[in-house]
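Each chain is listed here by its residues.
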Amino acid sequence: MPEQLREISYVDAGVEALREEMQRDATIVYIGQGIGPRGGNFRQTRGLCKEFGEERLRDTGICELGATGVAIGAAMAGSRAIVDEVFLDFSLEAMTQIIQQAANICYSSNGKIHAPVLVRSAMGAVRNAGPHHSHCFYAWFASTPGLKVVTPATPYDEKGLLKSSLRENCPVIFIEHKALYNTKGMIPEGKYLIPLGEARIHREGRDITLVAISKMVHIALEAAAALEKEGISAEVVDPRTIVPLDRERIAASIRKTGRLAVIDEAPAMCGFSGEVVALACEECFDALDSPPLRICSLPVPSPFSPRLESQVIPSVERVVKEVRKLMEN
Amino acid sequence: MEKGAAGQMDMNLLLTLYREMLQLREFELKVQELYRRGLLPGFVHLYVGEEAVAVGVCSNLHPTDLIYSTHRGHGHALAKGVPGREVLAELWGKSTSSSGGRGGSMHMYAPEYGFMGTNGIVGAGILLATGSALSAQLRKTGQVVVAFFGDGAVNSGSFHEGLNFGAVWNLPVVYVCENNLYATEMAFRRATKNTSVQSRAAAYKIPGVEVNGSDVLAIHAAARAGIEQARSGGGPTLIEAKTYRFQGHHEGDPGTDYRTREEVEEWKSRCPIKTLREKLLNDRGAPLESVEQIEREVQQWLEAAVQFARESPEPEPSTVADHIYS
């Protein structure tokens, strides 16, 4: 009998995941700005403080370095800590603690000390916030051994991946997208987990594989629908986690379609898009019927003007145009 | 056990403090020798001259209490109870230490002894210690956490943010600044206008205490008060121990490009180990035989540690990718 489904927003799916895991694991402490009685800048902790109290939902001043270091130290001593940077941009203030302390501790201690800390933040350009509130630099974390990097695209993935991330024994960089918080989708009525490292095939296709994460999954899906009308059948694959990366499922899709385009809200240089292209070359070079394509944000700091900002980030129109051009060759 | 004031301390405790300080001193001089002979890889920062601080503080701690150390951390590890042979094996990159040769001098961990790590990043341990104290408070473990750091850390953001968190959340943590007057080559008086570290405690509304870092009894007493306050729910204390490293910043730095020889010699004349030895023999009437017995035993302990570390196997290359995530 199929499980009952219900509609929920991305942000509320995250709140549900937190509520279930905080009920299950009494050692979880949540640290960050405005996550207590206010319920989070994005409503991402709404109602939790009332249920779990200010002991476990600890508001802080504006000091990401300190809050993150404290969260990591709490995790090292036996708590499970969540630190909410609110904007991914602000995690830069805390980078030394994430990269130099959290990521190394398990390895350097020969597996004796674990740092089960979840670093939560929201990325991406939305409503012309400009360069200090719009970045997508997940690649910096992904290139650091010892960190897992999770980028959910839908309410279903948000809930299942957040719950699984809160059961990991290592630091997890959990990056949501600001533009997705109010999007809606269906999730099962009951509890469920999604393992890290399993890509999701959003749409099956024959002619080209579109790999995308987070908000770009939705751009890819819209582009695929438009391409379908032109007779181009695109398969849309969302790895859902950058680390670990589901190399097998991505490669299997490329073997099937013979073509690859990666759609990435980050710039192309040394990034996620290049990693997927490298994967294609390493795993299934002979299956490629054309050079892999990268459709990425332009390598410019995020501009403020709406007209300029829309030029930078991959749009449905740009994806359709570039894929069409690839297919014509 | 103590009878009250530092001057009335139990003889056994005094002898224990003497033994531990001597262990730290002899250990570091041996490390220096082994390093100069090219046997130890990496970089080492020696604790010679500062022994009274680690020993004075850690002699008040329970085995389950936690400490966070610095790049100059071999002494902290020994004082917290990590066996000397394990510390030396780690410096040698051998597989038999707690960290299995993965960490080395500046990334050495032995949580089974409450030793939560040396650290290559100045100031980082202040925040980690504060967070561990939060965990102890939330889980009601009764643990106290000590953060050791140098004067080089106190002008960093980590110091400010850590002490602010420790204070506002009333955490069971003690902040111990080993003010040895130089951050690498930078004199503290050149780095900051307010050279009294303890006075900064007022900014966080926590007690600040300055102690003579060459006087292990004074440090023991100051630390005891801070640790008792933390354990009983009274929140953090900032202790500033005025101390000095007799060696350069790291092994290989002569330490005299930015310090005068006179200054170094003056501090050496106040050596905490020599001072306690004289106090034991002259003021407290300890039998010379007892003191010399300790000195012989420390040498035996050190020789055994060297033999253990030297003969220990190196890590298996096949384990290089173990423990990245768990």
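Quantities reported herein were computed from a predicted structural model and do not represent experimental measurements.

1. Concerning the overall build of chain A
Helix and strand counts for chain A stand at eleven helices and 14 strands. The C-alpha radius of gyration of chain A comes to 20 Å, within 12% of the 20 Å expected for a compact globule of 329 residues. Sorting the 329 residues of chain A into buried and exposed places 57% on the buried side.

2. Examining the overall build of chain B
Within chain B one finds eleven helices and seven strands. Its C-alpha atoms give chain B a radius of gyration of 19 Å, near enough to 20 Å, the size a compact globule of 326 residues would have. Expressed along its principal axes, the backbone C-alpha trace of chain B runs to roughly 55 × 50 × 40 Å. The buried share among the 326 residues of chain B stands at 53%. Of the contacts made within chain B by residues no fewer than 6 positions apart, 73% connect residues no fewer than 24 positions apart.

3. Remarks on the interface of chain A and chain B
As a measure of interface size, the accessible area lost when the parts come together is often cited. Between chain A and chain B, the residue contacts involve 34 residues of the former and 34 residues of the latter. Within the residue set of the side of chain A that touches chain B, elements represented by two or more residues are helix H3 (64-77) and helix H4 (95-108) of chain A. Among the elements that line the side of chain A that touches chain B, the one with the most residues is H3 of chain A, at ten residues. Residue composition of the side of chain A that touches chain B, by class: 14 nonpolar, 18 polar and two charged.

4. Some details on the nonpolar core
Within the largest apolar cluster, 197 residues are counted, with the highest numbers of intra-cluster contacts made by Leu 210 and Ala 220 of chain A together with Val 146, Ala 147 and Val 176 of chain B. If you count residues domain by domain, this core takes at least three from each of domain 1 (5-188) and domain 2 (200-328) of chain A. The residues touching Ala 147 of chain B, leaving out its near neighbours within four places in the chain, are Tyr 68, Gly 125, Ile 126, Ala 129, Val 173, Tyr 175 and Val 176 of chain B.

5. Describing the environment of Gln 23 of chain A
Relative to the helices and strands, Gln 23 of chain A resides in helix H1 (residues 10-24). With 270 residues separating them along the chain, Gln 23 of chain A and Leu 293 of chain A place their C-alpha atoms 45 Å apart.

6. Side note on the pairing of strand S4 (residues 80-87) of chain A
Residue and element names in this part refer to chain A. Of all the eight residues making up S4, eight are buried; the element is thus mostly covered by neighbouring parts of the structure. Bridging between strand S2 (residues 28-32) and S4 involves five bridges; their strand directions are parallel. Pairing of Val 29 across the sheet is with Ala 81, part of S4. Between the parallel pair S4 and strand S5 (residues 117-123), the chain is carried across by H4, and the sense of this crossover is right-handed.

7. Digging into H4 of chain A
For H4 of chain A, spanning 14 residues, the distance from its first C-alpha to its last is 18 Å, which sits close to the expected 20 Å at 1.5 Å a residue. Every buried residue belonging to H4 of chain A is among Gln 97, Ile 98, Gln 101, Ala 102, Ala 103, Asn 104, Ile 105, Cys 106, Tyr 107 and Ser 108 of chain A, and all of these are buried. Buried residues along H4 of chain A sit in contact with H3 and S5 of chain A together with helix H5 (124-139) of chain B.

8. Section: the domain arrangement of chain A
Residues and elements named next belong to chain A. Here chain A is described as being made up of domain 1 (5-188) and domain 2 (200-328). A separation of 26 Å is found between the C-alpha centroids of domain 1 and domain 2. The interface is formed by 24 residues belonging to domain 1 together with 23 residues belonging to domain 2. Elements with a minimum of two residues in the side of domain 1 that touches domain 2: helix H5 (138-142), strand S6 (148-150) and helix H6 (155-165).

9. A look at the sheet that holds S6 of chain A
All names here are of chain A. The strand order S3-S2-S4-S5-S7-S6-S12 describes an open sheet built from seven strands, whose pairing is mixed. Taken across any chain shown, the strands that pair with only one partner, and hence form the sheet edges, are strand S3 (57-59) and strand S12 (241-243). Strand after strand, the sheet turns through a mean of 20 degrees between neighbouring axes, direction not considered. In terms of strand pairing, S2 meets S3 through three bridges, oriented parallel. Residue pairing in the sheet places Ile 31 in a bridge with Arg 58 of S3. Each of S5, S6 and strand S7 (172-177) touches H6; the most contacted strand, S7, lies at about 160 degrees to it.

10. What about the sheet that holds strand S14 (residues 293-297) of chain A?
Residue and element names in this part refer to chain A. Within the open sheet, the five strands sit side by side as S9-S11-S10-S13-S14. Their pairing is mixed. Single-partner strands in this sheet number two, and they are strand S9 (200-203) and S14. With strand direction ignored, the average angle separating the axes of adjacent strands in the sheet is 25 degrees. When strand S10 (residues 208-212) meets strand S11 (residues 234-238), the two strands line up parallel, connected through four bridges. Residue pairing for S11: Leu 210 is matched across the bridge by Val 236.

11. Structural notes on unusual backbone geometry
All names here are of chain A. In the segment running from Val 243 into Pro 244, the intervening peptide bond is cis, with an omega of -5 degrees. Here Pro 244 shows up in the loop between S12 and helix H8 (247-257). Phi at Asn 128 is positive, roughly 55 degrees, even though this residue is not glycine. You can see Asn 128 is positioned in the loop between S5 and H5.

12. Some words on the pairing of strand S6 (residues 208-212) of chain B
Residue and element names in this part refer to chain B. Judged from the five bridges that link them, S6 and strand S7 (residues 237-242) form a sheet pairing that is parallel. Bridge pairing in S7 places Glu 210 opposite Glu 240. You can see the chain leave S6, run along helix H8 (residues 216-231) and come back into S7, and the turn it takes is right-handed.

13. Description of H5 of chain B
Under the 1.5 Å per step criterion, the end-to-end length of H5 of chain B is 23 Å for 16 residues, consistent within 8% with the ideal 22 Å. Summarising burial for H5 of chain B: 15 of the 16 residues are buried, a large majority.

14. What about the packing of helix H1 (residues 11-36) of chain B against helix H10 (residues 272-283) of chain B?
The geometry of a pair of packed helices is captured by two quantities: the angle between their axes and the separation between those axes. Residue and element names in this part refer to chain B. Two elements in contact, H1 and H10, have axes whose closest approach is 10 Å; the angle formed by their N-to-C orientations is 150 degrees. Relative to H10, H1 is oriented roughly antiparallel. For H1 against H10, the interelement crossing comes out left-handed. Where H1 approaches H10, its residues Leu 14, Leu 17, Tyr 18, Met 21, Leu 22 and Arg 25 are matched on the opposing element by Pro 272, Ile 273, Leu 276, Arg 277 and Leu 280. Counted by class, the contact of H1 with H10 contains nine nonpolar, no polar and two charged residues.

15. Brief notes about the packing of H5 of chain B against helix H6 (residues 157-168) of chain B
Residue and element names in this part refer to chain B. Across the interface, H5 lies against H6 with an axial gap of 8 Å and an inter-helix angle of 15 degrees. When the axes of H5 and H6 are compared, the pair comes out roughly parallel. Crossing angle aside, the handedness with which H5 passes H6 is left-handed. Residue-level inspection shows Ala 124, Ile 126, Leu 127, Thr 130 and Ala 133 of H5 in contact with H6, the latter providing Ser 158, Phe 159, Glu 161, Gly 162, Phe 165 and Gly 166. Within the contact of H5 with H6, the residues separate by chemical class into six nonpolar, four polar and one charged.

16. Side note on the environment of Met 327 of chain A
All names here are of chain A. If you trace the backbone, Met 327 turns up in helix H11 (residues 316-328). By C-beta crowding, Met 327 is classed as partly exposed, having 18 other C-beta atoms within 10 Å. Between the C-alpha atom of Met 327 and that of Gly 78, which follows or precedes it by 249 residues, the distance is 54 Å. Apart from residues no more than four positions distant in its own chain, Met 327 is found in contact with Asp 207, Ile 208 and Ile 232.

The rules behind these values
- Residues numbered from 1 in each chain as written.
- Chains lettered and ligands numbered in written order.
- Predicted model: local features only at pLDDT ≥ 70, side-chain atom pairs only at ≥ 80, totals over all residues.
- Helix = DSSP H or I, 4+ residues; strand = E, 2+ residues; numbered from the N terminus.
- Rg over C-alpha atoms; globule rule 2.2 N^0.38 Å.
- Buried ≥ 20, exposed ≤ 12 C-beta atoms within 10 Å, placed from the backbone.
- Contact = placed C-beta atoms within 7 Å.
- Nonpolar A, V, L, I, M, F, W, Y, C, P; charged D, E, K, R; others polar.
- Core = buried A, V, L, I, M, F, W, Y, C linked by C-beta atoms within 7 Å.
- Domains from an automatic or database assignment.
- Pairing = 2+ DSSP bridges.
- Right-handed = clockwise from strand over helix to strand, strands pointing away.
- Expected span 1.5 Å × (residues − 1).
- Axes fitted to C-alpha atoms, helices over the stretch in contact; angles between N-to-C directions.
- Parallel < 35°, antiparallel > 145°, perpendicular 65-115°, else oblique.
- Left-handed = near helix turned anticlockwise from the far one by under 90°.

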